[in-house]
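Summary of structural features
These are the residues of each chain, in order.
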Amino acid sequence: MQITPLSGALGAEITGVDLANLDAATGAAIKDAFHEHLVLVFPDQDVPPAAQVSFTELFGPVEPHPLKTRATVDGFPHVLIIENKPGKPGAPNDYWHSDISHAEMPPAVSVLHALKIPGDGRGDTMFCNMVKAFDGLSETLRDTLTGMRALHSGQATYKRSLGHSDARRINPDEVKPPRAHPVVRTHPETGRAALFVNPHFTISLEDMTAEESKPVLDVLYAAATKHENIYRHKWRVGDVLMWDNRAAMHYACYDYDDTMPRKLHRTTAGGDVPV
Ligand code: SIN
């Protein structure tokens, strides 16, 4: 197994492994690399849905999307289909976010397997490192944020479901009230502190108005998404890419239209209550 870092911020490419046939030692080595790099890319993988579920299970219990917004693979209710095709533009994910951060136990790990990719360099996905973002703040701001909480809401997913044909229309009653999580969370496996707010699901700091919260949150988002803190992935068919929602945000570039087919299978490993 060879590990090649992909940027100074986060991400590594792993070659010399077959994710559909992993032994325990290789699985453990992948976990170590994942904790170090937060985003791993495995090129040229042949991973049928059952194998993708088994691989994802190494990182936690495989979960469906709580709002069931996407179609799933026949016979595999936990494998979501992210698809853009003629007449059916895919619901965009062109916003920085950590998956489903409004859940009580937001997912730990997400895994995508690329099946169709627009051929001309479109449809990249970007990732940023929330550990480095936190470490780069002044000590005073780090101390101020530690112990604060922010409110996360699923309203954004509901609103998106109104406008896009590949996403199931959500009933507003299915969206739970906003949930508070620590602004700075401790990674359950590495013990590292990371910012845990995102511009898509975080609506305010706890006990502050949205207006009062905005300048603080904007400072954190600017620190998280500065160019040096980003890895931008250019997809190839066969790539399997996984990221750590506890320590990274991601943004899917929406620079394609429905004439440019794009299809990925997504699985998610469950996480803990952030502390
Ligand atoms: C996602 O945000 O889960 C999907 C990312 C992508 O489509 O590249």
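Presented here is an overview of the structure given in this document. The structure displayed is predicted, hence computed values, not measured ones.

What counts, and where the lines are drawn
- Residues numbered from 1 in each chain as written.
- Predicted model: local features only at pLDDT ≥ 70, side-chain atom pairs only at ≥ 80, totals over all residues.
- Heavy atoms only, no water.
- Pairing = 2+ DSSP bridges.
- Helix = DSSP H or I, 4+ residues; strand = E, 2+ residues; numbered from the N terminus.
- Contact = heavy atoms within 4.5 Å.
- Axes fitted to C-alpha atoms, helices over the stretch in contact; angles between N-to-C directions.
- Near = heavy atom within 4 Å.
- Polar contact = N/O pair within 3.5 Å; in protein donor to acceptor, adjacent residues only side chain to side chain.
- Areas by Shrake-Rupley, 256 points an atom, 1.4 Å probe, with all protein chains shown as cover.
- Nonpolar A, V, L, I, M, F, W, Y, C, P; charged D, E, K, R; others polar.
- Buried < 20%, exposed > 50% of the residue type's maximum accessible area, 1.4 Å probe, protein only.
- Phe/Tyr/Trp six-rings, centres within 6.5 Å; stacked < 30°, edge-to-face > 60°.
- Expected span 1.5 Å × (residues − 1).
- Bend = angle between axes of the 7 residues up to and from the residue.
- Core = buried A, V, L, I, M, F, W, Y, C linked by side-chain atoms within 4.5 Å.

Looking at the sheet that holds strand S14 (residues 240–244)
Pairing within the open sheet is mixed, and its eight strands lie in the order S1-S2-S3-S14-S6-S16-S5-S4. The outermost strands of the open sheet, each flanked by one partner alone, are strand S1 (2–5) and strand S4 (72–73). Bridge analysis of strand S3 (residues 39–42) against S14 gives four bridges, and the strand direction is antiparallel. Counterpart to Leu40 in the pairing with S14 is Met242. Packed onto the sheet, helix H1 (residues 24–37) meets S1, strand S2 (12–15), S3, strand S6 (109–116) and S14 and runs at close to 130° relative to S3.

Quick notes on the site of the ligand
Surrounding the ligand, one finds Ile82, Asn93, His97, Leu112, Thr125, Trp243, His250, Ala252, Arg262 and Arg266. A distance of 3.4 Å is found between an oxygen atom of the ligand and a side-chain nitrogen or oxygen belonging to His97. Separating an oxygen atom of the ligand from a side-chain N or O atom of Thr125 is a distance of 2.6 Å. If the ligand stood free it would expose 260 Å²; the protein chains cover 98% of that surface. Looking at the shell around the ligand, the elements that each hand over two or more residues are strand S15 (248–252) and strand S16 (262–269). Here the residues of the shell around the ligand sort into four nonpolar, four polar and two charged.

Observations regarding the environment of Pro182
Its place among the elements puts Pro182 in strand S9 (residues 179–182). The exposure class assigned to Pro182 is buried, which follows from its relative accessible area of 11%. Linking Pro182 and Gly147, residues 35 residues apart in sequence, is a C-alpha distance of 6.6 Å. With residues up to four places along the chain from it excluded, the contact list for Pro182 reads Met148, Arg149, Phe196, Pro274 and Val275.

Structural notes on the side chain of His37
Mapped onto the elements, His37 comes out in helix H1. Judged by its relative accessible area of 12%, His37 is buried. Once you skip the residues sitting within four places of it in the chain, His37 turns out to touch Ile3, Pro5, Leu10, Gly11 and Ala12.

Observations concerning the packing of aromatic side chains
In this structure the tally under the stated criterion is six aromatic pairs. Arranged with centres 5.6 Å apart and planes meeting at 55°, the rings of Trp96 and Tyr251 form a pair that is tilted. Taken as a pair, Trp96 in the loop between strand S5 (76–84) and S6 and Tyr251 in strand S15 lie far apart in primary sequence, 155 residues in all.

As for helix H6 (residues 210–224)
With 15 residues, H6 should cover 21 Å at 1.5 Å per step; its first-to-last C-alpha distance of 20 Å lies within 8% of that length. Residue Val216 marks the point of greatest curvature in H6, where the axis turns by about 30°. In this structure, the buried residues of H6 make contact with strand S7 (125–129), helix H3 (130–135), helix H4 (139–145), strand S11 (193–195), strand S12 (202–205) and S15.

Quick word on the nonpolar core
Soluble, globular proteins show a tendency: their nonpolar side chains are buried together. Of all hydrophobic cores here, the largest spans 40 residues; its most connected members are Leu10, Val183 and Leu195. Excluding residues within four positions of it along the chain, Val183 makes contact with Leu145, Met148, Arg149, Ala150, Ala194, Leu195, Phe196, Val197, Leu205 and Leu220. Counting 19 residues, the second largest nonpolar core, distinct from the first, contains Ala12, Val17, Leu19 and Val109.

Side note on the sheet that holds S15
Spatially, the three strands line up as an open sheet ordered S13-S7-S15, and their pairing is antiparallel. At either end of the open sheet lies a strand with only one pairing partner, and these are strand S13 (230–233) and S15. Sheet twist, expressed as the mean angle between neighbouring strand axes with direction ignored, is 20°.

Section: the pairing of S15
Among the five residues in S15, four count as buried, and that is most of the element. Pairing of S7 with S15, which is carried by five bridges, proceeds in the antiparallel orientation. When the sheet's bridge partners are listed, Cys128 is paired in S15 with Met249.

It is worth stressing that arrangement in space is one thing and function is another; only the former is reported here.
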